[in-house]
Structure formats: structure tokens, C-alpha cells
Amino acid sequence: MPSEFVNEALVDFSDPANASRMQAALDKVRGELGRDYPLRVGGERINTDAKIRSIDPSNPDSVIGTVSKADKAIAQKAIDVAAERFETWKYVPAEERARYLFDAAKIIRERKFEFSAWMVYEVGKNWVEADADTAEAIDFLEFYGREAIRLGQEQPIVKIPGEANALEYIPLGIGAVIPPWNFPFAIMAGMTTAALVAGNTVLLKPSSDSPVVAAKFIEVLEEVGLPAGVVNYVPGSGADVGDFVVQHPKTRFIAFTGSKEVGLHINQQAATPREGQIWIKRAVLEMGGKDSIVVDRECDLDDAAAGVAAAAFGFQGQKCSACSRAIIHQDVYDAFVSKLLPHVNKIKQGAPYESQDNYMGPVINRSAAESILGYIETGKSEGDLLAGGMQAPGDGYFIQPTVFGNVPRDATISLEEIFGPVLALIKAKDFDDALDIANNTEYGLTGAVYSSKREHLDKARAQFHVGNLYLNRKCTGALVGVHPFGGFNMSGTDSKAGGRDYLLLFTQAKTLSEKIS
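Here we summarise the structure given alongside this text. The shown structure was predicted, so the numbers you read here are calculated from the model rather than taken from an experiment.

What counts as what
- Going along each chain's sequence as written, the residues are numbered from 1 onward.
- In keeping with the model being predicted, local features are shown solely for residues with a pLDDT of at least 70 and side-chain atom pairs are shown and tallied solely at 80 or more, while totals for entire chains, interfaces and linings include all residues.
- Hydrogens and waters are ignored; side-chain quantities use all the structure's heavy atoms.
- Secondary structure elements are taken from DSSP: a helix is a run of H or I of four residues or more, a strand is a run of E of two residues or more, and numbering for both begins at the N terminus.
- Computation of the radius of gyration draws on C-alpha atoms, with the globule rule given as 2.2 Å multiplied by the number of residues to the power 0.38.
- It only takes one pair of heavy atoms within 4.5 Å for two residues to be counted as in contact.
- Strands are treated as partners if at least two bridges between them are detected by DSSP.
- Note on geometry: axes are lines fitted to C-alpha atoms, helical ones only across the stretch in contact, with angles between N-to-C directions running from 0 to 180 degrees.
- To qualify as a nonpolar core, a set must consist of buried Ala, Val, Leu, Ile, Met, Phe, Trp, Tyr and Cys residues joined through side-chain atoms within 4.5 Å.
- Between buried and exposed lies partly exposed: a residue is buried under 20% and exposed over 50% of the maximum accessible area for its type, with that area taken using a 1.4 Å probe on protein chains only.
- Any residue with an atom within 4 Å of a point lines the site, the site being either a cavity, points on a 1 Å grid over the protein atoms alone where a 1.4 Å probe fits but cannot get out, or a pocket, an open set with protein on both sides within 12 Å along at least 5 of 7 lines.
- Grid points are joined across faces, edges and corners, and a volume is the space filled by probe spheres set on the points.
- Three categories are distinguished: nonpolar for Ala, Val, Leu, Ile, Met, Phe, Trp, Tyr, Cys and Pro, charged for Asp, Glu, Lys and Arg, and polar for the others, with Gly belonging to the last.
- For crossovers, right-handed means that the path from the first strand over the helix to the second runs clockwise, given strands pointing away from the viewer.
- Only centres within 6.5 Å qualify two rings of Phe, Tyr or Trp (six-membered ring in Trp) as a pair; their planes then separate them into stacked at under 30 degrees, edge-to-face at over 60, and tilted for everything else.
- Here, a charge over a ring means that NZ of Lys or CZ of Arg falls within 6 Å of the ring centre while also lying within 35 degrees of the ring normal.

Looking only at helices and strands, the protein chain has 15 helices and 21 strands in total. Over its C-alpha trace the protein chain gives a radius of gyration of 23 Å, about what one expects of a compact globule, namely 24 Å for 517 residues. With respect to the principal axes defined by its C-alpha atoms, the protein chain has extents near 75 × 60 × 50 Å. Considering only contacts within the protein chain whose residues lie at least 6 apart along the sequence, 77% involve residues at least 24 apart.

Below, the structure written as C-alpha cells:
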């Protein structure tokens with residue numbers, strides 16, 4: 001048995017030795033930009049004429065890498081390969097499957113600066129955010145490997161005389177794993193390895209904004225000797241390859257993280273049986289959020305202001321868990337604003353590979369920038385512009401950290417997910433009113449409450465309807481094993497990634513009963 005799970009330690013970049021190692025990794029990755037990456041189907045590397053160009057969002061003229069693009073024919077081939085491999089992989093003991101995850105985690109740990117550097121370039125994460133992403137990827141591999149071993153052991157059931165009974169968790173089959181770009185390593189690796197360590201085979205279709213990080217992970221899986229066909233790397237368009245795989249009768253499950261609109265589309269497509277399909281497909285969907293932090297009248301306003309700023313503007317607000325609304329008791333609203341704005345105004349922006357002091361990098365692409373700037377224009381008619389409000393200087397997709405005050409609870413920027421560095425401040429009459437506002441969206445992912453009143457914290461525990469509620473701390477930064485992550489309502493199917501029940505989503509329970517003398 002492996003040792004007890006412990007979260008991967010984060011890198012302290014204030015240590016000159018660590019800063020030097022990170023800079024060396026950035027230099028190494030810079031020298032590898034622009035390379036070509038083939039598809040992987042079984043043991044075959046496939047180069048196609050059609051390509052996906054991964055662009056540096058800090059400098060759109062720079063190409064991170066060029067990735068071959070799958071079509072329906074290649075996707076069909078991948079499904080056939082995955083189906084064939086499943087017939088042997090499903091019988092591999094859990095301990096052996098887990099060993100591939102532990103070996104991969106060891107390699108990633110040894111090269112963590114390099115993996116983080118790829119994310120700095122490909123999606124614009126700052127050093128700290130990239131390191132946290134890498135650490136979370138390691139955590140998922142270590143945690144899910146241990147969970148697979150646990151589920152592979154004898155399960156507790158009631159014993160009766162005259163029968164030998166057992167409950168076993170067996171794999172589902174072929175799965176489509178469709179991860180997002182905002183946690184291009186952690187979520188991608190977590191969903192993929194949860195599926196494979198449970199005994200399934202996978203078609204991995206990464207985001208077109210972050211296919212190179214996924215290709216680097218595939219290289220690690222090859223390095224540890226994962227059998228060909230267990231994971232098949234098939235980047236392609238959602239409308240073409242994505243829909244084809246989701247609808248295919250041999251696809252048993254879909255694991256998706258991304259927007260509400262795409263998630264609902266996948267759910268609808270998966271629910272429709274196709275000719276030759278003999279099962280109800282399982283859809284594991286992690287979608288959007290419109291996350292609030294409630295600031296009570298009695299609380300540490302300095303701590304609350306720091307927490308709101310970090311949760312709102314970390315990774316440019318491009319997290320489904322990001323704080324996009326601060327709901328403040330009216331009696332401390334002005335005092336809170338006076339403490340919040342200095343945190344916002346001191347944020348440094350720029351390409352994160354140019355300086356570790358650049359806290360905010362670019363948003364992911366042109367379309368995202370245009371959408372966010374559109375919401376900012378809407379916000380100017382709905383609230384008081386207190387900070388930011390426009391595109392920031394630079395060649396990339398940089399947007400200023402933006403704060404709107406006195407925003408009505410039913411305003412567009414109060415209710416719709418913006419997925420960018422935009423924060424709405426909303427006044428509440430009292431604590432009950434604050435909770436009512438916090439629950440007034442269609443989402444239910446994360447939330448937080450800053451309060452020194454125990455009765456208010458207890459009321460929030462019962463009434464603040466989110467999958468992850470944090471008290472007297474920010475609403476981002478979930479740790480694997482510590483904060484199982486997933487939301488309610490339109491935030492998804494409440495799949496608790498990084499929790500003890502997550503692997504159950506990729507298995508089915510089989511009861512065995514034998515009469516004995």
C-alpha cells in the first residue's frame with residue numbers, strides 16, 4: 001500500500017533558488033515553442049494537414065505549438081482502438097493501474113517547473129497560479145491512485161449465514177474526457193486519470209486553447225509505459241469531433257468541465273440513445289459559477305478585502321470558483337471599498353514570463369476579451385466604475401482589473417458569468433438579505449462568508465446553497481482531498497473532484513452472491 005496521501009507542497013518563489021529554477025524552465029520552454037504535436041491513437045502517431053495553432057495570449061503573434069487536428073474518421077478509429085484495449089485493461093488489477101499514476105506523478109514532480117512554465121506561456125498563468133496547477137495535477141494522480149486501490153479492496157456489506165457476498169466496483173467502458181483551458185494540467189490530468197485508473201479507456205479531447213500542455217502529459221503517460229490505447233489524444237473541434245464522440249453508441253460516459261452552455265448541450269446529446277447503444281450514458285459535468293463572497297457587518301474587513309481581491313483577480317478571474325460578486329452589509333460598505341481598492345490598484349499586469357511580479361496576465365483569447373469588455377460596457381450603465389474598465393496596455397489580451405460599485409442585485413453583471421477580471425459590489429440591508437442575494441443566481445458552485453458572528457456562519461452553512469462554502473477565507477483554492485470540489489444547480493452534476501466518491505462516477509457496482517454450505 002502507498003503511504004497516506006499528502007498534498008504536494010507549493011513552491012516558494014521568494015527563494016532565489018526557486019526563482020532561478022523557474023526562470024531556467026521558462027528559458028527551456030521558450031526554446032521549444034512552435035513545435036508540432038501529432039495525435040496519439042493506440043500506439044500510432046498521426047499527423048494531419050488540418051492543425052490547431054496554440055497561441056500565446058500574451059503575444060498572439062507567438063505560436064506555442066501546432067497540434068494535429070482529429071476529424072470524425074480519426075475519432076472513429078480512436079473509439080475502435082479504445083474498445084479493443086478496454087477488453088484487457090478492465091481486468092488489470094487496481095494496484096497495477098494505480099502504479100502508472102504514481103510513476104507519472106513522480107516524473108511530473110521532478111519536472112514541475114517545466115510543466116508550470118508551459119502554462120505560463122500557453123494560458124497566461126502567473127508563476128504562483130501555474131505552480132498550483134501543477135501541484136494539483138500531482139495531487140489528483142496520487143489521490144486517485146490511492147482511491148482506486150481502496151475501491152479494489154473488499155467493500156463493507158452486511159454478512160449473513162449461508163452466503164458469501166461481495167460488492168465490487170467495475171469500470172464502465174469507453175469515455176470521452178473534455179477538459180477546459182483554465183486548469184489545463186490539473187483538471188485535464190485529473191479527469192483523465194480518474195477514468196483510466198478505474199479501468200476505463202479514454203478519448204482525450206483537450207481545449208483548443210491548451211492542447212500543448214495536454215500533449216506534454218500524454219508524453220509522460222507514454223514514458224511510464226501506459227499501454228497504448230488506454231488514453232487516445234484526439235484534439236479537434238467541439239462541433240465536429242466533440243459531438244461525434246458524445247453521440248457515439250460505444251461511448252459509455254462523458255467527463256466534461258467548461259461552460260454551462262456546452263455542458264447542457266453535452267447532457268442533451270448524451271441523453272438521446274443512438275442505434276446500437278445498450279446503456280444510458282453517464283455525464284459527469286462541471287460547469288460555470290457566479291460566486292459570491294458575503295462581507296458581514298461584524299468581520300475582519302482587512303482580511304475580507306484581501307480575500308475578495310485574491311479570489312476575484314487571481315488568474316484574471318478565469319476560474320469557475322472566482323469571486324465575481326462581493327455582497328457587503330450596508331453599514332460597512334464604504335469602509336470595505338476603501339480597503340479593497342488599494343489591493344486592486346497595486347496589481348501589476350503583463351506577460352507572466354517577463355516577470356514573476358506580473359500578478360495578472362492576459363485573458364485566454366480574443367473572443368474572451370471581447371466578451372469581457374462587452375460586460376464592462378454593460379456594467380458602466382449598471383453600477384459605479386471604481387477601478388479599471390478598459391483594455392490594459394500590451395500586445396496580448398490584457399484587461400484591467402475592474403470593480404463596479406452599487407450594483408443592483410438583478411443587474412446583468414450581477415447574474416451572468418463573465419469569466420474575467422470583473423467584480424460587482426452589492427449592498428445588503430442585513431445578513432439575511434445578503435444570503436438572499438447570494439442565492440439569487442442559477443449557479444451554485446462556490447461561495448464564502450466573512451463574519452465574526454457564529455450564528456451567522458451557522459446560518460450560512462445551512463442556507464448558502466453552493467457545493468463549496470468557505471467561511472472566513474476566500475472562495476478559490478480548493479485542495480485535492482481537503483475540499484472535494486463541485487457545485488449545485490447549473491454549476492453541474494455536483495461531481496466532487498478530489499473527493500472519495502469521485503471515482504464512483506467512473507465505475508458501476510456489481511453484487512456477487514454465492515450460496516455456501
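Consider a sheet: its strands pair through backbone hydrogen bonds, and that pairing is either parallel or antiparallel. With mixed pairing, the 3 strands of this open sheet are ordered in space as β1-β5-β4. Each of the sheet's edge strands pairs with one partner strand only, and the pair in question is β1 (35-37) and β4 (51-55). For this sheet, the mean angle separating the axes of adjacent strands, direction not counted, is 25°. Where β4 lies against strand β5 (residues 63-68), 5 bridges are found, and the strand directions are antiparallel. Note on β5: the bridge partner recorded for Ile52 is Val67. Set on the sheet, helix α4 (residues 112-122) makes contact with β1, β4 and β5; between it and β5 the angle comes to about 95°.

Attention shifts here to the nonpolar core. Membership of the largest hydrophobic core comes to 112 residues, with the highest contact counts inside it found for Tyr144, Phe185 and Val231. Considering each element in turn, this core owes the most residues, 11 residues, to helix α5 (residues 127-152). Excluding residues that lie within four positions of it along the chain, Val231 makes contacts with Thr192, Leu196, Val202, Leu204, Ile218, Leu221 and Leu226. By size, the runner-up hydrophobic cluster in this structure holds 31 residues, among which are Cys299, Leu301, Ala305 and Cys475.

Moving on to empty space enclosed by the protein. Taking a probe equal in size to a water molecule and rolling it over the atoms shows the remaining empty space. If you walk through the whole model with that rule in mind, you get 3 cavities of 30 Å³ or more. Put simply, the largest cavity is a space of about 90 Å³. Along the walls of the largest cavity sit 15 residues, with Gly317, Lys319, Ala322, Ser324 and Phe419 positioned nearest its centre. Among the residues making up the lining of the largest cavity, the classes are represented as 7 nonpolar, 4 polar and 4 charged. In this structure, the second largest cavity occupies an estimated 50 Å³ of space. Forming the walls of the second largest cavity are 13 residues, and the residues nearest its centre are Glu286, Met287, Leu445, Gly486 and Ser491. Considering only residue class, the lining of the second largest cavity consists of 5 nonpolar, 6 polar and 2 charged.

Two faces, one strand: in a regular strand the side chains alternate between the faces of the sheet. Burial along strand β8 (residues 201-204) is two-sided: the residues Thr201 and Leu203 and Val202 and Leu204 are all buried. Pairing geometry for strand β7 (residues 174-178) and β8, over 4 bridges, is parallel. Among the inter-strand pairings, Ala176 is bridged to a residue of β8, identified as Leu203. For the crossover that starts at β7, traverses helix α6 (residues 186-197) and ends in the parallel β8, the hand is right-handed. Of the strand pairs in this sheet, β8 and strand β9 (residues 231-233) are connected by 3 bridges, and their pairing is parallel. The residue of β9 that forms the bridge with Val202 is Val231. Where the polypeptide runs from β8 across helix α7 (residues 211-223) and back to β9, its parallel neighbour, the crossover connection is right-handed.

Bringing the sheet that holds strand β12 (residues 291-295) into the picture now. Taken in spatial order, the 7 strands line up as β14-β15-β16-β13-β12-β18-β19 in an open sheet, and their pairing is mixed. The open sheet has two edge strands with one neighbour each: β14 (384-387) and β19 (468-471). Direction aside, neighbouring strands of the sheet carry axes that sit 20° apart on average. Examined bridge by bridge, β14 and strand β15 (residues 402-405) share 3 bridges and lie antiparallel to one another. Bridging across to β15, Asp384 finds its partner in Gly405. Along the sheet, helix α10 (residues 301-313) contacts β12, β13 (323-329), β15, β16 (422-428) and β18 (446-450); its crossing angle with β12, the most-contacted strand, is approximately 170°. Running over the sheet, helix α12 (residues 366-380) touches β14, β15 and β16 and is turned about 25° from β15.

On to unusual backbone geometry. For Asn489, which is not glycine, the phi dihedral falls at a positive 55°. Positionally, Asn489 belongs in strand β20 (residues 488-489). Overall, the relative accessible area of 46% leaves Asn489 in the partly exposed class.

Throughout the structure, instances matching the rule amount to 14 aromatic pairs. Ring centres of Phe13 and Trp127 lie 5.4 Å apart, and the angle between their planes is 70°; this geometry places the pair in the edge-to-face category. With Phe13 in the segment before α1 (16-30) and Trp127 in helix α5, this residue pair connects regions lying 114 residues apart in the sequence. Both residues of the pair, Phe13 and Trp127, count as buried. Taking the centre distance of 4.8 Å and the plane angle of 20° together, the rings of Phe115 and Phe185 count as stacked. Of this pair, Phe115 sits in helix α4 while Phe185 sits in the loop between β7 and α6, and the two are 70 residues apart along the sequence. Across the pair, exposure class does not vary: Phe115 and Phe185 are buried alike. Cluster of aromatic residues (ring-pair linked, three or more members): Phe5, Phe140, Phe143, Tyr144, Phe253, Tyr502 and Phe506. Here the basic side chain of Lys125 rests over the ring of Phe315, its NZ or CZ set 4.8 Å away from the ring centre.

So, to be careful, I would describe these as geometric facts and stop short of saying anything about function.
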